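Single-letter residue listing:
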Amino acid sequence: MIGFIRGVGNRSLERLASIGRATLVLVAALWRLPRLADIPLIVKQIYQVGVLSLVIVVLSAFCIGAVLALQFHTQLARFGAQDAVGVGLALVLLRELGPVVTALLFAGRAGSAITAEIGLMKTTEQLSSMEMMGVDPLQRIVAPRLWAGFVSLPLLTAIFNVVAIYGGMMVAVDWMGGDQGGFWSGIQAEVDIWDDIGKGVLKSVAFAVVVTWIAVFQGYDTEPTPEGIGLATTRTVVMSSVMVLAIDFLLTLSMYGDFK
Amino acid sequence: MRMRTVEISAGAFVLAGTLALIFLAVRVSGVNLTADRSSYTVLARFDDVAGLQTRARVSIAGVTVGRVAAIDIDLEYGEAIVSMELKGSGGVLSTDTGAQILTEGILGARYISLLPGADEETLFDGDVIEDTQGAMVLENLIGDLLTRLGAS
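These figures come from a predicted structure and were not determined experimentally.

(A) Representation of the overall build of chain B. Check the secondary structure of chain B and you find two helices and eight strands. Order of helices (α) and strands (β) in chain B, N terminus to C terminus: α-β-β-β-β-β-β-β-β-α. For the C-alpha atoms alone, the extent of chain B along its principal axes is close to 95 × 40 × 30 Å. Sequence-distant contacts, at least 24 apart, represent 64% of the contacts inside chain B between residues at least 6 apart.

Here is the structure:
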């Protein structure tokens, strides 16, 4: 019985300590503001996490847009309100699905890679040898990945939204025979630049911080064994997915909570 | 050479993302940077705005001429004060212009329809439209009908 209580307490303290370490890593890495010499490192990481995620993001966006338009169309056509397909599609994508789905894809595609890479560096003692040589791993390894993630995810989200709206338009207009003018004018009349697009971008920035932070920290804090890397990679994907969905709920509540 | 492809594709990616953002702002939200953005505000008092939303359409003869900017309540008289942001600079609509809250389709959104009058005097920024007709509320209509049926 006492052993059980001790175990619970021990695990809670360990959890707390890891939150503390995560905060320290984030603050310490961001505190080392990027110098001019770090820009090539950041560019390389933007290529790794942004450009290489483009294929999966564009493909998913097209399919999600097309499926949404199909569902909206079949339901709205019963009321003769096919012109509302565009509005529904644009609002759902800009406010919710765009930021959330892109962040989930990003966690799976880029977050896991970041964790595995940094985790392997730690396991093979590359991080400690860097410190030996007087190179700061937080500045050289962690910070560029954080900045690249912060930049890439919002841009990926914007691309996701555009591709998904076009995918939806192909279904609603070209395939189901909707009216193109009605599709666009409905969107332009209802979508507000701050309320819908601005808040969506804000959400994607929040998700970018959360996902990259978790990915980088899990790698940096890996237990230096082969199983440790596997565990850390899994934890990155699971934790970021859950956090993205939970934070999305909170953000939606606070942004659109009064449902005017 | 390898580093160069990385840089070029990263640059292209950032460019594509920024273009997507601009596209969303311009094409999707319909922000028009070049158009004449001058507008003036006209108020109207309604006894009932039931379901009218801010940013709802204000139209004349079915053509959109502005948006509802704000809906406030005057507790003293129990009336709703609707401020409408109309395009242009005022001095066009006559002071006896009427305002009516209508519904688009059966399930559609509420909007305001303005009926231009014949007066020589015209409405400017901050003026109040006197001749208003509030939203039709289904329950009131049915209640009205029932009392009339009972009376006859």
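Past the structure itself, the notes keep going.
(B) Spatial organisation of the overall build of chain A. Helix and strand content of chain A: nine helices and zero strands. Ordering the α and β elements of chain A from the N terminus gives α-α-α-α-α-α-α-α-α. By principal-axis analysis of the C-alpha atoms, chain A measures approximately 70 × 55 × 30 Å. For chain A, the proportion of contacts with a sequence separation of at least 24, taken over those separated by at least 6, is 87%.

(C) View of unusual backbone geometry. You will see that E125 of chain A, though not glycine, has its phi angle at about 60°, which is positive. For E125 of chain A, the location among the structural elements is in the loop between helix 4 (84-123) and helix 5 (126-132). A positive phi is found at A61 of chain B, a non-glycine position, where the angle reads about 55°. In this structure, A61 of chain B sits in the loop between strand 2 (57-60) and strand 3 (63-74). For A61 of chain B, a count of 9 C-beta atoms within 10 Å corresponds to the exposed category.

(D) Inspection of the interface of chain B and chain A at higher detail. At the interface, 17 residues of chain B touch 22 residues of chain A. Counted by class, the side of chain B that touches chain A contains 12 nonpolar, four polar and one charged residues.

(E) Quick peek at the pairing of strand 4 (residues 79-87) of chain B. Residue and element names in this part refer to chain B. Of the two faces of strand 4, only the one carrying A80, V82, M84 and L86 is buried; E79, I81, S83, E85 and K87 on the other face are not. For strand 1 (residues 39-46) and strand 4, the ladder comprises eight bridges, and the chain directions are antiparallel. If you follow R45 over to strand 4, its bridge partner there is I81. Summarising the sheet, strand 3 and strand 4 pair through eight bridges and their orientation is antiparallel. Within strand 4, the residue paired with V68 across the bridge is M84. Remark: four residues form the turn of the hairpin made by strand 3 and strand 4, two consecutive strands paired antiparallel; G78 in that turn has positive phi of roughly 65°.

(F) Representation of the sheet that holds strand 7 (residues 128-129) of chain B. All names here are of chain B. Strand order in the open sheet made by the eight strands is 7-1-4-3-2-6-5-8, with mixed pairing throughout. Looking at which strands have only one partner, the edges of the open sheet turn out to be strand 7 and strand 8 (131-133). Looking at chain direction, strand 5 (residues 98-103) and strand 8 are connected through three bridges and run parallel. Residue pairing across strands places Q100 opposite Q133, the latter belonging to strand 8.

(G) Structural detail: the nonpolar core. Grouped together as the largest cluster of nonpolar side chains are 72 residues, with contacts concentrated most on A90, V211 and V216 of chain A. Mapped by element, the contributors of at least two residues to this core are helix 2 (39-49), helix 3 (54-76), helix 4, helix 6 (137-175), helix 7 (180-190), helix 8 (193-220) and helix 9 (226-256) of chain A together with helix 1 (2-28) of chain B. Among the elements that make up this core, the one with the highest residue count is helix 6 of chain A (22 residues). Discounting chain neighbours no more than four positions away, the residues touching V211 of chain A are A103, F106, A107, G111, G149, L153, S240 and V244 of chain A. If you look at the next biggest cluster of nonpolar residues, it comprises 20 residues, including F46, L52, L93 and L114 of chain B.

(H) Broad picture of helix 4 of chain A. In this model helix 4 of chain A runs 54 Å from its N-terminal to its C-terminal C-alpha over 40 residues, within 8% of the 58 Å that 1.5 Å per residue would give. At L93 of chain A, helix 4 of chain A shows its largest kink, close to 55°.

(I) Examining the domain arrangement of chain B more closely. Domain assignment breaks chain B into domain 1 (1-35) and domain 2 (39-138). Summarising the inter-unit geometry, the C-alpha centres of domain 1 of chain B and domain 2 of chain B are found 40 Å apart.

(J) The pairing of strand 5 of chain B, seen in detail. Pairing analysis gives six bridges linking strand 5 of chain B to strand 6 (residues 110-115) of chain B, with the strands arranged antiparallel. Bridging across to strand 6 of chain B, A99 of chain B finds its partner in L114 of chain B.

(K) Highlighting the environment of A109 of chain B. Residue and element names in this part refer to chain B. Relative to the helices and strands, A109 is located in the loop between strand 5 and strand 6. The spatial distance from the C-alpha of A109 to the C-alpha of S89 is 27 Å, given a sequence separation of 20 residues. Contact partners of A109, with chain neighbours within four places excluded, come to Q53, A56 and E104.

(L) Seen up close, helix 6 of chain A. Residues and elements named next belong to chain A. An ideal rise of 1.5 Å per residue puts 57 Å on 39 residues; helix 6 measures up with 53 Å between its terminal C-alpha atoms. A maximum bend of about 35° is found in helix 6 at A143, where proline P144 lies one to four positions downstream. Counting buried positions along helix 6 gives 32 out of 39 residues, so the element sits mostly inside the fold. Downstream of helix 6 by a residue or two, G177 has a phi angle that is positive, lying close to 75°.

Quick notes on the rules
- Residues numbered from 1 in each chain as written.
- Chains lettered and ligands numbered in written order.
- Predicted model: local features only at pLDDT ≥ 70, side-chain atom pairs only at ≥ 80, totals over all residues.
- Helix = DSSP H or I, 4+ residues; strand = E, 2+ residues; numbered from the N terminus.
- Contact = placed C-beta atoms within 7 Å.
- Buried ≥ 20, exposed ≤ 12 C-beta atoms within 10 Å, placed from the backbone.
- Nonpolar A, V, L, I, M, F, W, Y, C, P; charged D, E, K, R; others polar.
- Pairing = 2+ DSSP bridges.
- Core = buried A, V, L, I, M, F, W, Y, C linked by C-beta atoms within 7 Å.
- Expected span 1.5 Å × (residues − 1).
- Bend = angle between axes of the 7 residues up to and from the residue.
- Domains from an automatic or database assignment.

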